[in-house]
Amino acid sequence: MSKRNRTQSLRSIPAVEKVLQSIGVTDLPRPIVVNLVRRELSAMRAEGSIPDFDSVLARIRTALRRVSLTRIQPVINGTGILVHTNLGRSPMSAEVVGKLTSIAAEYNNLEFDLASGERGGRAQYLEESLAILCGAEAATVVNNCAAALVLVLRHFTCAERPEVLISRGELVQIGGGFRIPDILEASGARLREVGTTNKTSLKDYEKAVSPATGLILKVHRSNFFMEGFVDAPPTEALASLAQRKDLPFAEDLGSGAVVKTETIPGVEHEPTPQETLRRGVDLVCFSGDKLLGGPQAGIIAGKAAMVRSLKQEPFFRALRCDKLILAALQTTVDTYLDQTHGKESLPQLPVLEMMAMPDSQLRERAERLVASLRDLPVRASVGEGKGQIGGGTLPRSVIASVTLDLIPESLALQEFAERLRIGSPPVIGFVSGKRFKLDLRTVFPGQDRAVTGAIRGAFEQHKH
Ligand SMILES: *Cc1c(COP(=O)(O)O)cnc(C)c1O
């Protein structure tokens, strides 16, 4: 481009103020909008070619929408994956949300003992109710299961006893960036691998124990399974080895279902903290927002003396939960404990309710949805789905599910999926077998109307 040309095009770059006026009201705070307009204009300047004013506005509006989409907001989960890590894992129950609202808006007795008027213990009630739920002597809570594991590893290893014994078959990766060997290293512990990937025996553990051993750790293979020539010693045998050698024995359960998940059709058994502790493990840790169906948290349960000393670690203070999490978890645990009179039914928590929802109900909803879309340029039908638990849990469980299948007449499937994703509310589905599918198992019945609206909206975007 000649020098003269460039000056001309630079002169035609619209002023920030003029663009701001033309854009008008947006749903974003003004400094964010100003910042973005400046950035886009300077990008155009750098590119050296300035489009006409309307195109400039269109480009900036698209960029604003993109920023707006990055804000955390509710989405409709049509993936059929119940504990979807990218979609916020477990949704919380109305009762939990009600409690959260009042605790957030008002003062509370977080560290105040109402009976004596003195300073009180943080989360005392929750710790006791968690212990009862887990069949443990004691329990406590930190930010997430990863934090719980770091705390346990740091506490039970030291310069003289830096080693953690762990089976090679349990050196797992869970989700993005969570690898057991890395967590160990970050905790300052030294990994002592035991056995082989597929087979580890009690003898292997016995041979690995030395004066440098600080802890025996078991990790639940939450997100995969091994079949064939595999073996591992029973937990009871490892527990008695730990006891003979006077070593602490902990297990990272990951998901931590406290109900019998195998009572739900299609779902396999997930080890519970109750049964694991009964087998002789000293401490277990598990997540609050996977199968438990509560807020993000890491629950540690087991021997009272160990829980007490973990809480005395200076590091514990850096991992503690805030009042909102504690309130949400307290209500979740109460929901379980209130349930114990009717053992056969599941507690009223969204994850468990959705997991156990009968097909027939999903099918009725799908049929109603299909009927409500008749006037749109889309072929809608009821399809088959495979609900999954997700969140790195119960990898073998597949729950038969029902989907709303859509084939838009004049729109590519990926384009249709994108429009639903960026619509309001955002709807997340998947493409399979040349159709766009929404699995209704993870769509709340109360969201069906919003789904119809969003699909309608996707075709209206088309007109613009
Ligand atoms: C999910 C999982 C974790 C991590 O839990 P967060 O609560 O996400 O920190 C740790 N260990 C196992 C076995 C898991 O499945």
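Above this note sits the structure.
Described in the following lines is the structure provided in the data block. One numbering rule holds for all chains: residues counted from 1, following each sequence as written. Reporting of local features is limited, given that this is a predicted model, to residues whose pLDDT is at least 70; pairs of side-chain atoms are given and counted only at 80 or more, and all residues count toward the totals for whole chains, interfaces and linings. In computing side-chain values, all of the structure's heavy atoms are included and hydrogens and water are not.

Remarks on the sheet that holds strand β8 (residues 249-254)
Here is step 1: Strands sit in the order β2-β10-β9-β8-β7-β3-β6 across an open sheet of 7 strands; the sheet is mixed. Here the strands that pair on one side only, and so sit at the sheet edges, are β2 (138-142) and β6 (190-194). With strand direction ignored, the average angle separating the axes of adjacent strands in the sheet is 25°.
Here is step 2: Pairing between strands requires that DSSP locate at least two bridges from one strand to the other. To qualify as a helix, a DSSP run of H or I must reach at least 4 residues; to qualify as a strand, a run of E must reach at least 2; elements of each kind are numbered from the N terminus. Relative to strand β9 (residues 283-287), β8 is paired through 4 bridges, and the arrangement is parallel. Considered in β9, the bridge of G254 is made with F286.
Here is step 3: Any two residues whose heavy atoms approach within 4.5 Å are treated as being in contact. Angular values range over 0 to 180 degrees, each being the angle between N-to-C directions of two axes fitted as lines to C-alpha atoms, with helices fitted over their stretch in contact. Lying on the sheet, helix α12 (residues 304-312) is in contact with β2, β9 and β10 (298-302); it crosses β2 at an angle near 30°.

Focus on the pairing of β8
Here is step 1: Extensive coverage of β8 is indicated by the burial of 6 of its 6 residues.
Here is step 2: Relative accessibility decides the category of a residue: with a 1.4 Å probe and only protein chains considered, values under 20% of the type maximum give buried, values over 50% give exposed, and everything between is partly exposed. Residue alternation in β8 divides its side chains into two sets, F249, E251 and L253 and A250, D252 and G254, and both sets are buried.
Here is step 3: In the sheet, strand β7 (residues 213-219) pairs with β8 via 4 bridges, with the strands oriented parallel. In the strand pairing of β8, K218 is matched with E251.
Here is step 4: Crossover handedness is defined by viewing with both strands directed away from the observer: a clockwise path from the first strand over the helix to the second marks the crossover as right-handed. On the question of chirality, the crossover connecting β7 to the parallel β8 by way of helix α10 (residues 235-244) is right-handed.
Here is step 5: Running through helix α11 (residues 273-278), the crossover from β8 to the neighbouring parallel element β9 is right-handed.

Focus: the site of the ligand
Here is step 1: In the vicinity of the ligand, the residues found are R89, N144, C145, A146, I174, F178, H220, S222, D252, G254, S287 and K290.
Here is step 2: A146 places a main-chain nitrogen or oxygen 2.9 Å from an oxygen atom of the ligand.
Here is step 3: Note that an oxygen atom of the ligand is positioned 2.6 Å from one of the side-chain N or O atoms of S287.
Here is step 4: The protein chains shown are the only cover counted for residues, whose accessible areas, like all others here, come from Shrake-Rupley with a 1.4 Å probe. Starting from 390 Å² of accessible surface for the ligand in isolation, the protein chains cover 93%.
Here is step 5: Residue assignment for the shell around the ligand shows that the elements contributing at least two residues are α7 (145-156) and β8. We call a residue near a molecule or strand when any one of its heavy atoms sits within 4 Å of it. Each polar contact in these results corresponds to two N or O atoms within 3.5 Å; when the atoms are within protein, one needs to be able to donate a hydrogen and the other to accept it, and residues that are neighboring in sequence are counted only if both atoms are side-chain atoms.

Don't take any of this as a statement about function, it's just geometry.
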